[in-house]
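Results of the structural survey
The lines below spell out each chain.
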Amino acid sequence: GLDLAVIKSPIVGTLYRAPEPGARNFVEVGDTVKKGNVLCIIEAMKLMNEIESEADGEITAVHVENGRPVQFGDRLFTLRVTG
């Protein structure tokens, strides 16, 4: 079967899907990513935390909107693992 990985938020903060306002999002549904690729940034107490992919694969779902607060454990992305 398909091996799906859910990337969850490791912290509480505000999620940004792009590196800066007006820039292209780090990832979209259908994008292929490698382990260690940045998927989004979560700002917590003025610190920008890069959230990286945990595996090689394809983004199959984006569960969060840009600029929204996230809680610890919230689903961020679903990845179809290929490696």
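This text follows the structure it describes.
Now for a description of the structure that goes with this document. Note that the structure is predicted; figures quoted are calculated from it, not measured.

**Considering the pairing of strand β6 (residues 57-62)**
Relative to β6, strand β3 (residues 32-33) runs antiparallel, the two sharing two bridges. Bridged to T32 within β6 is E58. As defined by bridge partners, β6 adjoins strand β8 (residues 75-81) across five bridges and the pair is classed as antiparallel. Residue A61 lies in a different strand from β8, and its bridge partner there is T78.

**Here's the deal with the nonpolar core**
Of all hydrophobic cores here, the largest spans 16 residues; its most connected members are L15, L39, I59, L76 and F77. Secondary structure elements with two or more residues in this core: β1 (4-8), β4 (38-44) and β8. Discounting chain neighbours no more than four positions away, the residues touching L76 are I7, K8, S9, L15, C40, I42, I51, A61, V62, H63, V64 and V70.

**Describing the sheet that holds strand β2 (residues 13-16)**
Ordered in space as β5-β4-β2-β7, the four strands form an open sheet in which the pairing is antiparallel. Bordering the open sheet on either side are β5 (47-52) and β7 (69-70), each of which pairs with just one other strand. Bridging between β2 and β7 involves two bridges; their strand directions are antiparallel. Each bridged residue has a counterpart across the sheet, and for T14 the counterpart in β7 is P69.

Calculation criteria
- Residue positions are counted from 1 within each chain, in the order its sequence is given.
- Only residues with pLDDT of 70 or above have their local features reported here, since the model is predicted, and side-chain atom pairs are shown and tallied only from 80 upward, although totals for entire chains, interfaces and linings are computed over all residues.
- Hydrogens and water are ignored here; the side-chain numbers use all heavy atoms of the structure.
- Two strands qualify as a pair provided that DSSP identifies no fewer than 2 bridges between them.
- Think of it this way: any DSSP run of H or I at least four residues long counts as a helix, any run of E at least two long counts as a strand, and we number them from the N terminus.
- In this description, a nonpolar core means a group of buried Ala, Val, Leu, Ile, Met, Phe, Trp, Tyr and Cys residues linked to one another through side-chain atoms lying within 4.5 Å.
- Using a 1.4 Å probe on the protein chains alone, a residue whose accessible area is under 20% of its type maximum counts as buried, one over 50% counts as exposed, and one in between counts as partly exposed.
- Residues count as neighbours in contact if any of their non-hydrogen atoms are within 4.5 Å of one another.

By themselves, these are just geometric observations and shouldn't be taken as functional.
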